[in-house]
Amino acid sequence: MSCLKPETNIPPQQKPGAADINSAALMQPRAPEPTPKDRRNGAAVKAADASPTGFYKPNYNIQTPNMRSPDYVQMSTAAAITLGVMQGKMHRCGCTRCLNLLLTYPEGCRANCAYCGLARHREASRDYADRNFIRVDWPAVPMAEVIDKVARDGANSPFHRMCISMITHPRSDEDTVSVLKAWTDRIDPKAIPVSILSNPTTMTRADVKKLHELGSDIFTVALDAATPEIFDRTRGKGVDSPHTWRKYWEILQDAREIFGPQKFGAHIIVGMGETEYDVLTLVQRLVDLGGHSHMFCFFPEKGSLMDHLPATPRDQWRRVQLGRYIIDYAGGRVENMAFDDAGRVVGYGLPQAQLDGIVDKAIAFRTSGCPGKFAEDISACDRPYGDSPPSNIASYPFQPNKRDVLKIRKQLDMPVKRH
Ligand code: SF4
């Protein structure tokens with residue numbers, strides 16, 4: 001799947017007249033198909049043992065090579081285009097500012113998160129390095145080549161940040177350290193800061209400390225679910241996956257103490273059955289701890305256990321984006337906001353003129369994540385079309401223009417002309 005093609009298959013709740021929230025009752029994962037023995041744990045890739053020969057573009061019609069981190073990493077399609085190892089253009093984006101790297105192994109991620117394209121149950125049909133993740137392919141590249149290219153570009157590098165995404169694998173902690181060390185040996189982390197997208201399930205406080213000592217700048221925890229119940233249902237016991245809410249919060253607290261204020265955060269996916277009140281209460285909790293929230297709009301990832309479900313309706317998503325921005329960057333608080341009986345935001349607790357100013361500035365509707373070199377509230381990690389097709393953008397990977405703002409105002413049911 002490419003990030004470049006608009007999709008015409010709009011899920012039902014994005015269509016006019018559809019429901020305006022993804023309810024808890026609706027957002028139930030399906031059961032996985034059983035995995036044949038000869039497909040488990042990367043068995044097919046390991047049995048064929050094809051040697052990698054450099055850049056590998058995901059292609060499930062050919063034998064997937066036997067690639068392993070720390071020698072190999074995968075990267076987003078946007079990062080591969082920006083790095084110059086792949087041809088392509090991105091709708092209304094010149095490049096991405098974040099080099100998102102993903103650890104890779106034939107065994108893949110051993111967790112089974114229901115919304116994720118990398119989940120373990122997919123080994124039944126697709127080798128790990130060929131799986132789509134946040135709507136795009138993730139080509140594999142030798143780590144030494146990645147470092148060579150970025151080091152060669154020096155101060156002219158388009159990247160404002162690098163991020164290592166860990167997965168649930170017995171080697172993930174050790175290999176994250178190796179990838180980070182290899183990077184900081186050649187590239188000054190002050191010039192291109194490094195974020196860690198962690199996997200708390202396999203980590204200890206000592207692992208968090210080590211990653212900080214080695215020069216990483218921001219540590220995030222992909223909580224993903226906004227409540228303990230949704231966490232359990234989508235990435236814990238409900239789908240035979242090893243994660244627990246308690247362990248994720250334990251590592252988040254460690255990150256808070258070790259990385260310090262504004263240098264830790266959590267990912268949250270909006271639209272998996274929580275209310276807008278639930279998610280904004282969590283955003284407030286993170287801000288009160290000194291951290292940030294990075295938001296994703298739920299999209300039914302092809303091949304995942306939630307691929308039959310609707311994407312988050314745009315009005316629900318926009319209200320949460322706006323509320324989150326107000327709490328994270330405009331000094332607002334969830335207690336000052338108003339919610340209806342279904343937990344929808346009906347008031348943001350700000351004077352109308354200030355609210356209009358925030359909406360028109362439109363940074364609230366850009367992709368959220370770790371900052372780059374433009375401003376604290378502008379994410380380097382712009383993830384082009386990672387949570388929506390270009391035809392119906394959820395997170396804008398660029399600065400929305402006047403027409404975009406008009407569309408956003410309509411989605412928010414806010415007047416498009418003010419007096
Ligand atoms: S741990 Fe992360 S990569 Fe693995 S299945 Fe869950 S969300 Fe996907």
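Everything quoted here is computed from the prediction, not taken from an experiment.

**Q** Looking at this structure, I do not really get the pairing of strand β5 (residues 194–198). What am I missing?
**A** Along any regular strand the residues' side chains alternate between the sheet's two faces. Buried residues dominate β5, accounting for 5 of its 5 residues. Judged by which residues are buried, β5 turns out to be covered on both faces: V194, I196 and S198 on one side and S195 and L197 on the other are all buried. Bridge count between strand β4 (residues 161–165) and β5: 4 bridges; the pairing is parallel. Bridge pairing in β5 places C163 opposite S195. Regarding topology, helix α5 (residues 205–213) serves as the crossover connection from β5 to the parallel strand β6 (residues 218–224), and that connection is right-handed.

**Q** Would you mind showing me how to read helix α6 (residues 228–235) here?
**A** The periodicity of an α-helix, 3.6 residues per turn, causes residues three or four positions apart to be oriented the same way. Taken residue by residue, α6 has I230, F231, T234 and R235 as its buried positions. Relative to the axis of α6, the buried residues are bounded by an arc of 105 degrees and lie together on one face. Turning to α6, the residues buried within the fold contact β6 and α7 (245–259).

**Q** How should unusual backbone geometry be read in this particular structure?
**A** The phi angle of most residues is negative, glycine excepted, and most peptide bonds adopt the trans form. Backbone torsion omega between S69 and P70 reads 10 degrees, so that peptide bond is classified as cis. Look at I134: it is not a glycine, yet its phi comes out positive at around 40 degrees. Looking at the secondary structure, you find I134 in the loop between β2 (98–103) and β3 (140–142). A positive phi angle is found at Y385, which is not glycine, with a value near 60 degrees. Locating Y385 in the fold gives a position in the loop between α10 (352–361) and α11 (402–411). Owing to a relative accessible area of 1%, Y385 belongs among the buried residues under this scheme.

**Q** Would you explain the sheet that holds β4 in this entry?
**A** What holds strands together in a sheet is hydrogen bonding between their backbones, with the strands either parallel or antiparallel. The strand order across the open sheet built from 8 strands is β3-β1-β2-β4-β5-β6-β7-β8, with neighbouring strands paired in mixed fashion. Looking at the sheet topology across the chains shown, the edges are occupied by β3 and β8 (292–297). Averaged over all neighbouring strand pairs, the angle between strand axes comes to 30 degrees, with direction disregarded. Where β6 and strand β7 (residues 264–270) come together, 4 bridges link them in parallel fashion. Its bridge partner lying in β7, F219 is registered against F264. Where α7 meets the sheet, it contacts β6 and β7, and its direction lies at approximately 160 degrees from that of β6.

**Q** I tried to follow the pairing of β8 on my own but got confused; where do I start?
**A** Within β8, 6 of the 6 residues are buried, which leaves it mostly tucked inside the rest of the structure. Side-chain alternation along β8 places H292, H294 and F296 on one buried face and S293, M295 and C297 on a second face that is also buried. Sheet topology places β7 next to β8; 6 bridges connect them, and they run parallel. Pairing of I268 across the sheet is with M295, part of β8. Note that the unit made of β7, helix α8 (residues 276–289) and β8 has a crossover that is right-handed.

**Q** Quick question: what am I supposed to make of the pattern of salt bridges here?
**A** For side chains bearing opposite charge, pairing can occur when the charged atoms are close. Within this structure, the stated rule accounts for 27 salt bridges. We note a salt bridge from D315 to R319, for which the minimum N-O separation is 3.7 Å. With D315 and R319 both in helix α9 (residues 314–329) and 4 residues apart, the pair spans about one turn of that helix. Neither D315 nor R319 differs from the other in exposure class; each is buried. Taken together, the salt bridges that share partners define one network made up of K46, R68 and E107.

**Q** Is there a simple way to think about the nonpolar core in this case?
**A** One recurring pattern in soluble globular proteins is that nonpolar side chains are buried together. Counting 112 residues, the largest nonpolar core has M75, L99, W183, F219, L280, L322 and F365 as its most contacted members. No other element matches α7, which puts 8 residues into this core.

**Q** In this structure, what is going on with the state of the cysteines? I would like to understand it.
**A** Put plainly, a disulfide is one covalent bond tying together the sulfur atoms of two cysteines. Enumeration over the complete set of coordinates arrives at 0 disulfides. As a non-bridged cysteine, C93 has C95 as the owner of its nearest cysteine sulfur, 8.3 Å distant. According to the relative accessible area criterion, C93 is buried, its value standing at 11%. C370 takes part in no disulfide bond, and the closest cysteine sulfur to it belongs to C163, at a distance of 6.4 Å.

What counts and how
Residues numbered from 1 in each chain as written. Predicted model: local features only at pLDDT ≥ 70, side-chain atom pairs only at ≥ 80, totals over all residues. Heavy atoms only, no water. Buried < 20%, exposed > 50% of the residue type's maximum accessible area, 1.4 Å probe, protein only. Helix = DSSP H or I, 4+ residues; strand = E, 2+ residues; numbered from the N terminus. Pairing = 2+ DSSP bridges. Right-handed = clockwise from strand over helix to strand, strands pointing away. Arc of directions from axis to C-beta. Contact = heavy atoms within 4.5 Å. Axes fitted to C-alpha atoms, helices over the stretch in contact; angles between N-to-C directions. Salt bridge = Lys/Arg side-chain N within 4 Å of Asp/Glu carboxyl O. Core = buried A, V, L, I, M, F, W, Y, C linked by side-chain atoms within 4.5 Å. Disulfide = S-S within 2.5 Å.

Shape is all these values report; function is a separate question.
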